[in-house]
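Take a look at the letters that make up each chain.
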Amino acid sequence: MNRRQFVRDVLLWSAGLSLGVPCFEGAGISAASAPPQLGVASGKDYRLLVAKAVEAIGGIKAFVKNGDKVVIKPNMGWDRTPELGANTHPLVVRAIAELALDAGAAVVQVFDHTCNEKRRCYASSGIIDELEKIGDKRIHWEHIDPRKFVPVDIANGKSLKRWEIYQDALTADCYINVPIAKHHGLSRLSLGLKNVMGVLGGNRGQLHQNLGQDLADLATVIRPRLTVIDATRMLLRNGPQGGRVEDVKVADMVIAGADPVAVDAYATTLFGLQPEAIDSTVAAYKMGLGEIDVQRMQVLTVQV
Amino acid sequence: MRKGENGRSKSGSHYRKWIFLRRFSQMVFLILFFVLFLKTDYNGTDHLDAAVNLLFRLDPFVAACVMLGVKSFIILLLPALAVLLLTAIFGRGFCGWFCPMGTLLDLTSKITPAKDRKNHTYYPNLPLIILVFALFASACGFAIAGFVDPFSLLVRGMAQAFYPLLNRLTVGFFTFTYQELPAVVNQVTEPVYGVLQAFILPSGQKYFHLATLSLLMLVAIFLLEGLQRRFFCRNICPLGALLGTIGRKALVTGKGGNSECGACRLCCSKCRMGAIDAERKIAMANCNLCFECMQKCPRQIIDFAVVAPWSTNSSTSLSRRHFVGAALVGVLLPSVKGVEMLAKNPDPTLIRPPGARAEKEFLARCVRCAECIQVCLGNALQPAFLQVGFDGMFSPVIAARSGYCEFNCTLCGQVCPTGAIRELTLSEKHRLKIGHAWFDKNICLPYAKGVPCMVCEEHCPTPDKAIRFKEIEVINHVGVTVRVQQPYIVDELCIGCGICENKCPLPGKAAVYITSAGEDRHPNAFLPSAGETPYGG
């Protein structure tokens, strides 16, 4: 009931019917039961990779229910073309959108609060072009609407107590996080938890002063049902926006999982780093948001 | 119209056709003007597909001032020559049939009819004086065209005030409906908002220095319409004066009334340009071919015909004294720039758009048309106030705290009508240094407080990052020893785009800021260097 109450508060606040800032308690966070499953698919056909990785962890129907309002949050925050590895690959985004539509999503929203000029980012990323190719009216790619930022109290936040968050990300039935795996100067890597930046308002730069814990705090509120990390290309240096093909390693891999910490932890190992090297992963693990130890994950690899 | 010699009209209503055509032409060009204005925006590709700056390239006054200023022919401004040729045939038809400012003034006068019955132009010589002054001043290095050119005034007022204001009010309204009103209302309002966003509104809210001044200058022109019809055109407009100077000997010439008209001076009192005198003679230097007199004349005897230029008897209205006076002021005034403080100490924070010419030539070419300011994606370009001198007012400068120069964007160079900003290729743009970034270590968090940040490094767009960091151990602001990344600039890589200054999360003043040090457009601009050690690092 907690989430339902929260979503109602968010909508009431946006509709100006309530002055009470919505508060997310985030009950039932720690559920140390079965080991988290990860679907890891490798191969050249990126659309198929996504389908296989998701299939490995139970198929899209385990995440998207018929009639769901789905939000897909890729990283398309930079005015960079796909081969430069700064944004999620357009085919990966397209594949997830297609899966969600097949599963009976009522609407599939795709957006990102960009760092560079929004129209340039959307165009250069190639994502909009791919989404248009699907030709389904249920797909709504849209630019951020500043009216939709809602202040949210983060009840379980250790560092961050309140922030402005995009309403549609909070009220979606199914939020699918689709980051790209890449280098980042401050946090070393930008993965799933870091991708939350794209649904935040306010002065986002301020979060960098305690980035790891802030991202973990936000992860108590923004709860993707499914995270698909795009490691088809990995930006190894000069992240998070890169700009040189030499800095990109073509890894042809996609990682899917329901546990937001586990997918980040696993993706970190692809860079030759220990999961503990990433502050946000450690902080989120400590808050019981997911698994950090790759040994305790059920990794289901698929070769396409 | 061209009915030859016998004067009296046959049909009695042949003017209707011409008035209709004139109004039609005014509307078409006004709409075209608005379309081009809206098209002065990113279109989803790196290149604009329409010559959105056409209006300014058709402007012979702008062309004359700029070419005199730089003392060379500018091919971009060639279309202005066509206007001059047309003026030699049709007189000031440009003012009556084409000029969007004129059309807007005509529309305004429908709302606020002028009270003045006598219809004497207040300062009939002033436009010519301004014209002569502007031409001489431009030639001597004082670019004044943008202050008086009708299109500069119009587009500037729109780009820097009306358009952002329209957006602000519209968004404000739909924010209210969205946040305060029930879903039933939103089912109607949200689609309307969507259509407005798709076709009319800018992609985001822009903010401008001098928004109020730009607005007031334009509003004043419209308010003056209450004093006299086409007040601006008759009393100020130097473009009109230039066209009138050529158009007074135009092939198409008006034939006014005669002595048989008696006491009737309806044509004289109704003429929106004040082109008909008490003798009912039509001065083609002023007539803009609106043909309203043909309609208003009770005897229907006014007509226009093709007449050989040598047979028209029309003199200039500017006396020698006025001409010499205006020219002298134009020649002498620019010299005062030599004793402006700026001549000794140029403003170090002056960052021009990428591709801007060296400062002197840039100012000579820039006509303050605000096209670059309108097209600038990130609201980086702002109109200057007095930091570049009095004659630099309204010229574009990058204010990084307002917006940064987008790495992959070359739009400002594409819309500049005079080549004050060169059109750059993308690879040129990527390497062009328009300024240089500096850290203020007294407030930069990793230096001042030992707190991690690195937002500047994250946003630095050069593929080989111009902002890097070193990781060192410091005692932070609460006395704890921590390892922290401290940023520094790599001189050879920084292009001065200003995204670091723009995104710096400090409130108010940024801890990293750009100056014009080392900019490429001035060959002797250089960065101070302490030998092998890069400062900051």
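Residues numbered from 1 in each chain as written. Chains lettered and ligands numbered in written order. Predicted model: local features only at pLDDT ≥ 70, side-chain atom pairs only at ≥ 80, totals over all residues.

Quick word on the overall build of chain A
What counts is decided by this rule: Only DSSP runs of H or I with at least four residues qualify as helices, and only runs of E with at least two residues qualify as strands; both kinds are numbered from the N terminus onward. Atoms considered for the radius of gyration are the C-alpha atoms alone. The globule rule reads 2.2 Å times the number of residues to the power 0.38. Here a residue counts as buried when 20 or more other C-beta atoms sit within 10 Å of its C-beta, as exposed when there are 12 or fewer, and as partly exposed otherwise, the C-beta atoms being derived from the backbone.
Regarding its fold elements, chain A presents nine helices and 13 strands. Its C-alpha atoms give chain A a radius of gyration of 18 Å, within 12% of the compact-globule value 19 Å for 304 residues. Taken over the C-alpha atoms alone, chain A extends approximately 50 × 40 × 35 Å along its principal axes. In chain A, buried positions account for 58% of the 304 residues.

Overview of helix α7 (residues 126–139) of chain B
The condition is simple: Expected span of a helix: the number of residues minus one, times 1.5 Å.
For α7(B), built from 14 residues, the straight-helix expectation of 20 Å at 1.5 Å per residue is met to within 8% by its first-to-last C-alpha distance of 20 Å. Within α7(B), 13 of the 14 residues are buried, which leaves it mostly tucked inside the rest of the structure.

Regarding the packing of α7(B) against helix α13 (residues 238–247) of chain B
All names here are of chain B. Worth spelling out the cut-off: Helix axes are fitted only over the stretch in contact, all axes being lines through C-alpha atoms; the angle between N-to-C directions runs from 0 to 180 degrees. Here the angle decides the label: under 35 degrees means roughly parallel, over 145 means roughly antiparallel, 65 to 115 means roughly perpendicular, and every other value means oblique. Here the contact rule is simple: place C-beta atoms from the backbone, and any two residues whose C-beta atoms are within 7 Å are in contact. Lys, Arg, Asp and Glu make up the charged group, whereas Ala, Val, Leu, Ile, Met, Phe, Trp, Tyr, Cys and Pro make up the nonpolar group; the residues left over, Gly among them, are polar.
Relative orientation of the contacting elements α7 and α13 amounts to 95 degrees, with a least axis distance of 8 Å. When the interaxial angle is binned, α7 and α13 end up roughly perpendicular. Taking contact as the criterion, the partners of Pro127, Leu128, Ile130, Leu131 and Ala134 in α7 are, on α13, Pro238, Gly240, Ala241 and Leu242. Broken down by class, the residue content of the contact of α7 with α13 amounts to eight nonpolar, one polar and no charged.

As for the nonpolar core
To be explicit about the condition: We call a set of buried Ala, Val, Leu, Ile, Met, Phe, Trp, Tyr and Cys residues a nonpolar core when their C-beta atoms link them within 7 Å.
Residues A:Ile96 and A:Ile255 are the most contacted members of the largest nonpolar core, which totals 240 residues. When residues in this core are grouped by element, the largest group, eleven residues, is from α7(B). Ignoring sequence-local partners within four residues, the contact set of A:Ile255 consists of A:Leu38, A:Val40, A:Ala53, A:Ile229, A:Ala231, A:Val263, A:Tyr266 and A:Ala267.

Focus: the confidence of the model for chain B
All names here are of chain B. Note the cut-off: Confidence of the predictor in every single residue is expressed as pLDDT, which spans 0 to 100.
Looking at chain B, the pLDDT average stands at 91 and 94% of residues meet or exceed 70. Within the model, the stretch residues 1–11 combines pLDDT values under 50 with 14 contacts to residues more than four positions away or in other chains. Two numbers describe this predicted complex: its pTM, 0.92, and its ipTM, 0.94.

Considering unusual backbone geometry
The amide bond that connects A:Gly239 to the next residue, A:Pro240, takes the cis arrangement and shows omega of 0 degrees. Position of A:Pro240 relative to the elements: it lies in the loop between β11 (226–235) and β12 (248–257). Phi angles above zero are rare outside glycine, and A:Asp252 is one such case at about 50 degrees. Considering the arrangement of structural elements, one finds A:Asp252 in strand β12. One non-glycine residue, B:Met454, adopts positive backbone phi at about 65 degrees. The class of B:Met454 is buried, set by 24 C-beta atoms lying within 10 Å.

Concerning the interface of chain A and chain B
On the chain B side, the residues contacting the 24 residues of chain A number 30 residues. Of all the elements, helix α4 (residues 118–124) of chain A adds the most residues to the side of chain A that touches chain B, at three residues. When the residues that make up the side of chain A that touches chain B are grouped by side-chain class, the tally is five nonpolar, 13 polar and six charged.

Things to note about the pairing of strand β8 (residues 512–515) of chain B
All names here are of chain B. What counts, and what does not: By the convention used here, strands pair only if DSSP detects at least 2 bridges between them.
In β8, alternate side chains face the same way, and those of Val512 and Ile514 are buried while those of Tyr513 and Thr515 on the opposite face are not. With four bridges connecting them, strand β5 (residues 436–439) and β8 associate as antiparallel partners. Within the sheet, the bridge partner assigned to Trp438 lies in β8 and is Tyr513.

Some details on the packing of helix α3 (residues 60–70) of chain B against α13(B)
Residues and elements named next belong to chain B. It is at 8 Å that the axes of α3 and α13 come closest, and there the two elements cross at 95 degrees. Taken together, the axes of α3 and α13 are roughly perpendicular relative to one another. Every residue of α13 that contacts α3 at Pro60, Phe61 and Ala64 is listed here: Pro238, Leu239 and Leu242. Split by residue class, the contact of α3 with α13 holds six nonpolar, no polar and no charged.

Some points on the sheet that holds strand β7 (residues 162–166) of chain A
All names here are of chain A. Pairing is mixed in the open sheet, where three strands are placed in the order β1-β6-β7. Only two strands of the sheet have a single partner each, and these edge strands are β1 (23–24) and β7. Across two bridges, β1 lies against strand β6 (residues 149–154) in parallel orientation. Residue Phe24 lies in a different strand from β6, and its bridge partner there is Ile154.

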